[in-house]
Amino acid sequence: MKRKIYVVSTTHWDREWYSTFQQFRFRLVRMMDDLIENMEKDPEFKYFHIDGQTIVLDDYLKIRPQNKSRLEKLIKDGRISIGPWYCMPDEFLISGEGLIRNLQKGRKVCDSFNVEPCKNGYVCDIFGHNTQMPQIFKSFGMKSAGLFRGIGSFKKDTFLWEGADGTQILTNKFSEYYNYSEFYFICRAPFEQKDFDTEQLVNDFKAFYSEFKHTFANDSVLLLDGVDHIDMEPQIPNILKVLNENIEDLEFVHSNLDQFNEIIIKNADKLDVLKAPLYTIATEMNSNTVLKNVLSSMVHLKQANDYCETNLSLVAEPLDLFTNTARKYYKYDKNFRSASPRCDYFNEAWSYVIENQPHDSICGCSITETHMDNEFRFK
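Novice: Can you break down the packing of helix α2 (residues 55-63) against helix α3 (residues 68-76) residue by residue, with the values?
Specialist: Running from amino to carboxyl end, α2 crosses α3 at an angle of 150°, the nearest separation of the two axes being 10 Å. It follows from the interaxial angle that α2 and α3 lie roughly antiparallel. Across the interface between the two elements, Leu57, Tyr60 and Leu61 of α2 pack against Lys68, Leu71 and Ile75 of α3.

Novice: Explain the packing of aromatic side chains to me, using residue names and the numbers behind them.
Specialist: Counted by the stated rule, this structure contains 20 aromatic pairs. Their ring planes at 65° and their centres at 6.0 Å tell us that Phe148 and Tyr180 sit as a pair that is edge-to-face. Within this pair, whereas Phe148 is found in the loop between β5 (144-147) and β6 (158-162), its partner Tyr180 is found in the loop between β7 (168-173) and α6 (182-187), the two being separated by 32 residues in sequence. By the burial criterion, Phe148 is buried, and Tyr180 matches it. Their ring planes at 65° and their centres at 6.0 Å tell us that Tyr178 and Phe208 sit as a pair that is edge-to-face. With Tyr178 in the loop between β7 and α6 and Phe208 in helix α7 (residues 198-212), this pair connects stretches of sequence that are 30 residues apart. Just as Tyr178 is buried, Phe208 falls in that class too. Linked through ring pairs, Tyr177, Tyr178, Tyr184, Phe185, Phe205, Phe208, Tyr209, Phe212, Phe216 and Phe252 together constitute an aromatic cluster.

Novice: Tell me about the environment of Ser366, residues and numbers included.
Specialist: Here Ser366 shows up in the loop between α11 (343-355) and α12 (368-378). Accessibility expressed as a relative area gives 15% for Ser366, which makes it buried. In this view, Ser366 contacts Glu16, Trp17, Asp360, Ser361 and His371; residues no more than four positions away in its chain are not counted. A distance of 2.5 Å separates a polar atom in the side chain of Ser366 from the backbone oxygen of Asp360.

Calculation rules
- Residues numbered from 1 in each chain as written.
- Predicted model: local features only at pLDDT ≥ 70, side-chain atom pairs only at ≥ 80, totals over all residues.
- Heavy atoms only, no water.
- Axes fitted to C-alpha atoms, helices over the stretch in contact; angles between N-to-C directions.
- Helix = DSSP H or I, 4+ residues; strand = E, 2+ residues; numbered from the N terminus.
- Parallel < 35°, antiparallel > 145°, perpendicular 65-115°, else oblique.
- Contact = heavy atoms within 4.5 Å.
- Phe/Tyr/Trp six-rings, centres within 6.5 Å; stacked < 30°, edge-to-face > 60°.
- Buried < 20%, exposed > 50% of the residue type's maximum accessible area, 1.4 Å probe, protein only.
- Polar contact = N/O pair within 3.5 Å; in protein donor to acceptor, adjacent residues only side chain to side chain.

Take a look at the structure:
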């Protein structure tokens, strides 16, 4: 039997980082415009994964509301995969409540498109992973996770991740050398700004496979075709066709994370088990670095986040529950106007907080203008 290479087209979208959110949104709108147009024109370009985040859909549709029905069709048809997150947070610098609200908000966006979220807890670029994430992912109905930082020198590309309570979840470990961009760097980057060279494409992939095949734990292999803020590649169907015609012992398939993991999970009991937290710095390969200095960078952002989360979850919401429960015991002036129910006020407040919790925002590793926006949202 041929070993199958499952290629997942994606992009990693830092909403704000070395540019502000509004500057990145110009690129986002162009990327999404091209994605919709190309997928509509070419049914052979089967799948695209939008980085496990749903906030980018809101950001896009505020500028292109006229494209909602087109986007919605591609999502309903299963060609564009969305969720489970609203935005990709840091796992250590925010509260457990913040993580839960984020996933709830991501599910709410998926519900608005009448689809289930992706079943992969995709945390591709977070700086280490805490002990509760397998339990949290499983409680939201996820069957797998996807990550690469914090695993130290562990080599295999899949494993079972065991959380503090004993919950285990199938986990895709992305490349320690290419991180979440293996297929992109092997088969796309060499041809930026020039035509594809069939011979070089085949030779480059053969060289990669020969070097890294010892890391593949299964007969099926996941490779991601994407990198930070990258557009989709319309030539992917042709690239896969060329590889299938010229590499006899491998079969290349355009796929998505859920399809791949449905296959892998059948033999998951044979995989190695790693116990959380995943917070070990690798001794080799720079791509596997865990940036622990983000715990103290721009510390005023961490303080503002803690202040907001604490006041929402431990003061405002409990007080609202108490006062609503006690309403029947009090008489109000006939002109009294209550703000109750207040849940939508709290949802709006949580939205501002969650928008500040992505790994490049709360971690304090972005440009000054980005962190000024963070300060404004917290205020």
